[in-house]
Amino acid sequence: MREEPLVRWDWIGRNWPSIQSLLEDHVVMSLVPIVVGLLVALPLGLACVRWRGIYQPTMSLMNVTYSLPSLAVFVMLIPVTGLATRATVIVPLVFYSLAVLIPAVVDGLGSVPDHVRQSAVAMGFTPLRRLLLVELPIAVPVVLAGLRVAAVSSISLVSVGALVGRGGLGYLFIDGWQRQFYTPIIVGVVLVVLLAAIADALLVLAQRLLTPWSRARGTA
Amino acid sequence: MNWLVDFFGDPANWSGPDGIPVRLTEHLQFSTVALLLAMLVALPLGLWIGHTGRGALLVVLSANAARALPTLGLLVLVVLLAGLSTDLPVLIPLVALAVPPILVNTYEGVRGVDPDLRDAAYGMGLRGGQVLGRVLVPVALPLILLGLRLAAIQVVATATVAAFVGLGGLGRYVVDGFATNDYPRTLGGAVLVALLALLVQLVFVLIQRLLVSPGVRRRNAVR
């Protein structure tokens, strides 16, 4: 093998436009599952709290889904969602997010102290206002903790999609492997980890903004 | 469904070095070795950190790293750096990704044991090691097993992806089928991998039923 530096900066410079478009694709494919996951998990989580009986079956189904390897699910979805489309990657990731977010919503609502709920009732809150103004805000830390896990996992899982033709930055791994060339692989790993760190930091920031009282009390 | 009949109905797929029995055995062997190595590292470490409370930061960092690192990138990078001569380099990322779920859940399991229970054990005259072995581990067992289950699932999935860098196992069908536009082969491999993952899940549920004391309440896993 030729003597080569581990990272060739000139390659990065020359290929930046294509790296950028892969990055954008990656962001979309990992962001959509998190947002859709949250939008679906909130009502489902509420339903699981309201009707305790459906929680166990829902979670069993989610655990089974979560245990399926992503590559296998991508492959099985190809006839439905098409080859190398965003949907092939996004749909399974929505389900992985749900497996993390539904219990987060249920546990979050479970973390509301009973005396707080009773005070809200005594103060004349209607059930809907109590949910929106009291229970959900108290549930925020637990829900956001779940969201952080879901976000970071989605961002890293998208790259597996490269094996079925659509994996955002994951393409750089395939490219680097086929040419035995380190630079794209390292760029890909660094960008994926960086994206995950940024998403995580934004969610931590969101939690600080959404729950100012936890800071005032000195607990995070 | 026709695709599946094409793949599973072909007698050529049931024998020889690329037959389903051989590929399944490879997959199981590799996954088992990786899981055992990961257990060897993560179980003692998790028990020790949970018991002593020292090094908790390590647990958090490893969990975050394992979630953020892209499997495919890690595999490609490690195997390129280490060379392709044997299958050993592939074991490195496989084990590295299996350690954190075991470590985190073992740690959380031991740490989350009711302090009153721990104090009662000390009060009865048990020493540190005995408290760990007779009280903390049995009570933490549901979470420890959940960690092992998540790690096993992770290993089976990563071993599939590792076919891309030349590892045997069921992932071969997925990768080779994709490379040769043989969708029945790819799909057949994917179905086998999914079935294997479900089987692993089932085995762990059974182990849980057998080993966990009925008096121990189930707590939540850390993904």
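As the structure is a prediction and not an experimental result, all values here were calculated from the model.

Conventions we followed
Here the residue numbering is sequential within each chain, running from 1 through the sequence in written order. Numbering of ligands from 1 and lettering of chains from A proceed in the order in which they are written. Per-residue local features are limited, in this predicted model, to residues with pLDDT of at least 70; the limit for side-chain atom pairs, both in listing and counting, is 80 or more; totals at the level of whole chains, interfaces and linings are taken over all residues. Computation of side-chain values covers all heavy atoms of the structure but excludes hydrogens and water. By the convention used here, residues are in contact when the closest approach between their heavy atoms is within 4.5 Å. Throughout, the accessible surface (probe 1.4 Å) given up by two parts as they are put together, summed over both, is called the buried area. A pair is scored as a salt bridge if a Lys or Arg side-chain nitrogen falls within 4 Å of a carboxyl oxygen belonging to Asp or Glu. Throughout this description, a polar contact denotes any pair of N or O atoms lying within 3.5 Å of each other; where both atoms belong to protein, one of them has to be capable of donating a hydrogen while the other can accept it, and for residues adjacent in sequence the pair is counted only when both atoms sit in side chains. Elements are defined by DSSP. Helices are runs of H or I of four residues or more, strands are runs of E of two residues or more, and each kind is numbered from the N terminus. When residue character is reported, Ala, Val, Leu, Ile, Met, Phe, Trp, Tyr, Cys and Pro are called nonpolar, Asp, Glu, Lys and Arg charged, and the others, Gly included, polar. One fewer than the residue count of a helix, multiplied by 1.5 Å, yields its expected span. Bend is computed residue by residue as the angle between axes fitted to the seven residues ending at the residue and the seven residues starting at it. UniProt positions are given in the numbering used here, feature names are shortened, and annotations may be inferred rather than shown by experiment.

Caption draft 1: A look at the interface of chain B and chain A. The partner chain A presents 42 residues to the 36 residues of chain B that form the contact. Approximately 3400 Å² of surface area, both sides summed, lies buried where chain B meets chain A, with 78% of it carried by carbon and sulfur atoms. Across the chain B-chain A interface, the total number found is 0 salt bridges. On the surface where chain B and chain A come into contact, there are 4 residue pairs in polar contact (both at pLDDT 80 or more). Contributions of two or more residues to the side of chain B that touches chain A are made by helix 3 (56-68), helix 4 (71-82), helix 7 (128-161), helix 8 (171-179) and helix 9 (183-211) of chain B. Among the elements that line the side of chain B that touches chain A, the one with the most residues is helix 9 of chain B, at 10 residues. Within the side of chain B that touches chain A, the residues separate by chemical class into 28 nonpolar, 5 polar and 3 charged.

Caption draft 2: Focus on helix 2 (residues 20-52) of chain B. All names here are of chain B. Compared with the 48 Å implied by 1.5 Å per residue over 33 residues, the 47 Å span of helix 2 between its first and last C-alpha is a close match. At methionine 39, helix 2 shows its strongest bend, of approximately 30 degrees. Where helix 2 terminates, the next one or two residues include glycine 53, which has phi positive at roughly 80 degrees.

Caption draft 3: Broad picture of the UniProt feature "transmembrane region" (unreviewed entry) in chain B. Residue and element names in this part refer to chain B. According to UniProt, the "transmembrane region" (unreviewed entry) feature falls on residues 28-49, 56-84, 131-150, 156-175 and 187-207. Annotated as 100% helix and 0% strand, the span residues 28-49 places its first and last C-alpha atoms 30 Å apart. With 100% helix and 0% strand, residues 187-207 has end C-alpha atoms that lie 30 Å from one another.

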